[in-house]
Amino acid sequence: MNIWDGHKHIENDPSYKGLNVNKGVESLPSVNPDAARRFLGRKRSKLSVEQYVEGILRGDVTILSRAVTMIESNKADHQEMAQQIIERCVPHAGKSIRIGITGVPGVGKSTFIEALGMHILDKGGKLAVLAIDPSSERSMGSILGDKTRMEKLSAEKNAYIRPSPSAGSLGGVARKTRETIILCEAAGFDTIFIETVGVGQSETAVHSMVDFFLLLMLAGAGDELQGIKRGIMEMADAIAINKADGQNLQKAKMAQAEYRNALHLFPPPRSGWTPRVEIVSSLLNQGVKEIWEMIMEYVELVKNNGFFKVNRREQAKYWMFETINEQLKNSFYQHPKIKNELKKYEQKVLNDETSSFIAARELLNKYFDKL
């Protein structure tokens with residue numbers, strides 16, 4: 001008799017007297033099938049524009065998140081509804097302090113944001129963190145792990161963390177971040193953080209939607225000024241050297257002196273503010289309070305000298321032109337005539353039958369002829 005014969009136990013053979021092995025209990029399914037059917041059969045109720053706006057204005061973060069998802073959607077009906085929601089929320093927006101936070105990967109942006117965010121909440125503020133997560137160029141997917149990295153902050157009722165995929169936007173700034181800011185402000189959040197993917201072209205876009213621009217740097221990671229774009233440093237209202245603790249503290253102080261000297265070489269900003277360099281340890285929560293006090297000092301200065309309003313108006317104008325450019329681009333690529341011709345011209349370029357510039361010009365001429 002084969003000992004492995006099916007699911008039989010050899011011990012139960014009559015020749016083995018006095019032995020009896022009971023049949024085992026069948027393993028239960030990992031998911032309750034009834035619960036799964038109920039979940040899959042339950043459809044999320046559709047909300048009207050009025051219901052979205054009412055929910056956002058009363059600070060309902062679930063409805064806020066659904067509205068932001070609609071803003072990020074590429075579906076035409078979602079976009080149309082999102083624009084109506086934004087239009088209704090605009091009169092209730094504009095009352096927050098918008099802060100852009102950038103830095104090289106590994107500088108500790110998430111840890112710093114959590115430390116500063118907890119300080120803001122302790123002072124009675126309401127904070128929204130719009131974290132831009134890099135999208136893969138191959139799969140277009142994103143990890144969106146900022147909530148995991150900001151464990152304490154994400155558990156606070158007065159904090160809202162929204163990771164968004166960069167989805168191919170220039171330098172990693174999510175295409176709809178500015179519209180999301182409007183909804184967050186309408187929901188009552190008085191401080192908005194925009195965390196960028198890292199140092200790159202995205203800084204120009206982030207700078208054009210915030211009131212204060214903070215650059216996080218590391219000490220002891222090579223030549224302090226090597227590889228840093230002058231434009232990024234010129235845009236920064238302050239530089240914070242993070243991880244200034246333990247053996248790195250002395251290096252951070254040396255880097256602080258170097259950055260201060262470098263900032264003196266740049267022309268003074270229009271805001272009338274003198275950019276500062278501070279050292280901070282997010283891990284030990286040292287220097288975090290001073291960073292917030294510095295930001296408040298800046299806000300008071302620019303509100304008193306009128307730059308705050310002027311800057312916000314110029315940003316609104318900038319985003320009007322950016323929106324026009326984006327809509328023109330979408331209109332071009334979605335035009336049925338262009339869709340048909342694009343593959344043909346693409347193949348011509350690949351076959352060296354025409355140049356890239358001539359192909360582009362002919363496609364644009366066809367597009368404008370059809371308008």
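Structure first, text after, so check above.
Fair warning: this is a prediction, and the values are worked out from it, not measured in the lab.

Peer 1: Looking at this structure, how should I read the overall build of the chain?
Peer 2: Each helix and strand in the chain was counted, giving 15 helices and seven strands. Here the chain holds 371 residues, and 42% of them are scored as buried. Put simply, of all contacts in the chain between residues at least 6 apart along the chain, 73% involve residues at least 24 apart.

Peer 1: Just to check I follow, could you spell out helix 8 (residues 177-186) for this structure?
Peer 2: For an α-helix, the turn length of 3.6 residues means that residues three or four places apart are oriented alike. Extensive coverage of helix 8 is indicated by the burial of ten of its ten residues. What helix 8 keeps buried is the set Thr 177, Arg 178, Glu 179, Thr 180, Ile 181, Ile 182, Leu 183, Cys 184, Glu 185 and Ala 186. Directly beyond the C-terminal end of helix 8, a positive phi value near 100 degrees is found at Gly 188.

Peer 1: Before we go on, may I ask you to explain unusual backbone geometry in this structure?
Peer 2: Of note, Lys 243 is a non-glycine position whose phi angle comes to about 60 degrees, a positive value. With phi around 60 degrees, Asn 285 is a residue other than glycine that occupies positive phi space. Take Asn 285: it is sitting in the loop between strand 7 (276-279) and helix 12 (288-304).

Peer 1: What am I meant to see in the pairing of strand 1 (residues 97-103) here?
Peer 2: Counted residue by residue, strand 1 has seven buried out of seven residues, so it is predominantly covered. Every second residue of strand 1 is oriented toward a common face, with Ile 97, Ile 99, Ile 101 and Gly 103 on one face and Arg 98, Gly 100 and Thr 102 on the other, all of them buried. Bridging between strand 1 and strand 4 (residues 191-195) involves five bridges; their strand directions are parallel. Bridged to Ile 101 within strand 4 is Glu 195. In the sheet, strand 1 pairs with strand 5 (residues 212-218) via five bridges, with the strands oriented parallel. Along strand 5, the bridge assignment pairs Ile 101 with Leu 214.

Peer 1: Which parts of the structure should I look at to understand a nonpolar patch on the surface?
Peer 2: Taken together, the side chains of Met 320, Phe 321, Ile 324 and Leu 328 make up a nonpolar region of the molecular surface, amounting to roughly 390 Å² of accessible area. Mapping Met 320 onto the fold places it in helix 13 (residues 307-334). The class of Met 320 is partly exposed, set by a relative accessible area of 45%.

Peer 1: Help me understand the nonpolar core in this model?
Peer 2: The nonpolar side chains of a soluble globular protein tend to be buried, and buried together. If you look at the biggest cluster of nonpolar residues, it comprises 51 residues, and the most contacted ones within it are Ile 56, Leu 64, Ile 85, Leu 183 and Ile 239. Counting residues per element, this core draws most heavily on helix 3 (residues 61-72), at six residues. Leave out the neighbours within four places in its chain, and Ile 239 touches Leu 214, Leu 215, Met 217, Met 233, Tyr 259, Leu 263, Arg 276, Val 277 and Glu 278. Membership of the second largest hydrophobic core comes to 36 residues, among which are Val 107, Met 150, Trp 292 and Phe 308.

Procedures and definitions
- Residues numbered from 1 in each chain as written.
- Predicted model: local features only at pLDDT ≥ 70, side-chain atom pairs only at ≥ 80, totals over all residues.
- Heavy atoms only, no water.
- Helix = DSSP H or I, 4+ residues; strand = E, 2+ residues; numbered from the N terminus.
- Buried < 20%, exposed > 50% of the residue type's maximum accessible area, 1.4 Å probe, protein only.
- Contact = heavy atoms within 4.5 Å.
- Pairing = 2+ DSSP bridges.
- Patch = residues over 30% accessible without salt bridge, like charges linked within 9 Å, V, L, I, M, F, W, Y side chains within 5 Å.
- Areas by Shrake-Rupley, 256 points an atom, 1.4 Å probe, with all protein chains shown as cover.
- Salt bridge = Lys/Arg side-chain N within 4 Å of Asp/Glu carboxyl O.
- Core = buried A, V, L, I, M, F, W, Y, C linked by side-chain atoms within 4.5 Å.

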